[in-house]
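The chain contents come next:
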Amino acid sequence: MKSFSRHISLALLLGTLAVAAPAQAQEFRAGFVNTDRIFREANTAKAAQAKLEQEFARREKELVDLGNTLKTASEKFEREAPTMAESQRTTRQRQLVDQDRDFQRKRREFQEDLTARKNEELSQVLERANKVVKQVAEAEKYDVILQEAVYINPKHDITDKVIKALNAAPAAK
């Protein structure tokens with residue numbers, strides 16, 4: 001509902017600006033930027049993704065190996081359980097439960113760390129993209145640039161210009 005009212009407010013604002021613009025004898029220019037495309041196609045976003053993959057590759061491999069080890073141990077227990085003594089079976093079962101709990105905790109921590117780092121990296125990409133959007137808007141005299149909309153006529157989409165400008169800009173460290 002909040003999003004709907006925001007869209008209605010934005011539509012009313014754009015409508016008012018569009019009506020007021022002819023009265024001032026100047027053209028109202030609106031543009032649109034698709035941030036999802038920027039995150040997929042811009043070199044800075046691709047570099048951020050590669051950096052994250054490299055940073056988390058070792059931990060991900062460790063998790064996969066730990067999961068495989070746990071699966072193998074569980075399968076072995078299932079095969080051997082019928083021939084084990086009750087006390088031995090209970091001990092092994094408890095060990096497997098503890099190992100699984102440890103595995104789930106490590107997986108959850110990995111996901112939380114990855115998500116936090118991904119948000120950091122993407123916020124930097126978005127910050128740079130917003131600067132480039134502002135530069136393009138000022139250079140081409142746009143009155144408003146939208147980043148979220150239900151429908152945009154493709155002639156107002158300036159995403160390609162922004163991606164080209166982002167790719168041409170030197171990487172900020």
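Quick note: structure is the one above.
Computed from a predicted model, the values in this text were never measured in an experiment.

## Here's the deal with the overall build of the protein chain
A tally of helices and strands in the protein chain yields 5 helices and 2 strands. Each helix (α) and strand (β) of the protein chain, taken in turn from the N terminus, gives the series α-β-α-α-α-β-α. When burial is assessed residue by residue, the protein chain has 23% of its 173 residues classed as buried. Expressed as a percentage of contacts within the protein chain between residues at least 6 apart in sequence, the contacts between residues at least 24 apart total 78%. Accessible surface computed for the protein chain: about 12500 Å², of which carbon and sulfur atoms make up 54%.

## Notes on the pattern of salt bridges
It is possible for side chains of opposite charge to pair when their charged atoms get near one another. Enumeration according to the criterion identifies 16 salt bridges in this entry. In this structure, Arg 89 engages Glu 86 in a salt bridge whose closest nitrogen and oxygen atoms are separated by 2.6 Å. Taken together, the residues Arg 89 and Glu 86, both in helix α4 (residues 86–139) and 3 residues apart, mark about one turn of the helix. The network of salt bridges with common partners includes Lys 51, Glu 55, Arg 117, Glu 120 and Glu 121.

## With respect to the nonpolar core
Membership of the largest hydrophobic core comes to 16 residues, with the highest contact counts inside it found for Val 33, Ile 38, Ile 158, Val 162 and Leu 166. Counting only elements with at least two residues in this core, the list comes to α3 (43–80), α4 and α5 (159–168). The element contributing the most residues to this core is α4, with 6 residues. The residues contacting Leu 166, other than those within four sequence positions of it, are Ile 38, Ala 42, Thr 44, Arg 128, Ala 129 and Val 132. Core analysis: the next-biggest nonpolar cluster, separate from the first, contains 10 residues, Leu 52, Phe 56, Met 84 and Phe 103 among them.

## Examining the side chain of Arg 37
Relative to the helices and strands, Arg 37 is located in helix α2 (residues 35–41). Among all residues touching Arg 37, those that are not within four sequence positions of it are Ala 42, Asp 157, Thr 159, Asp 160 and Ile 163.

Cut-off values and rules
Residues numbered from 1 in each chain as written. Predicted model: local features only at pLDDT ≥ 70, side-chain atom pairs only at ≥ 80, totals over all residues. Heavy atoms only, no water. Helix = DSSP H or I, 4+ residues; strand = E, 2+ residues; numbered from the N terminus. Buried < 20%, exposed > 50% of the residue type's maximum accessible area, 1.4 Å probe, protein only. Contact = heavy atoms within 4.5 Å. Areas by Shrake-Rupley, 256 points an atom, 1.4 Å probe, with all protein chains shown as cover. Salt bridge = Lys/Arg side-chain N within 4 Å of Asp/Glu carboxyl O. Core = buried A, V, L, I, M, F, W, Y, C linked by side-chain atoms within 4.5 Å.

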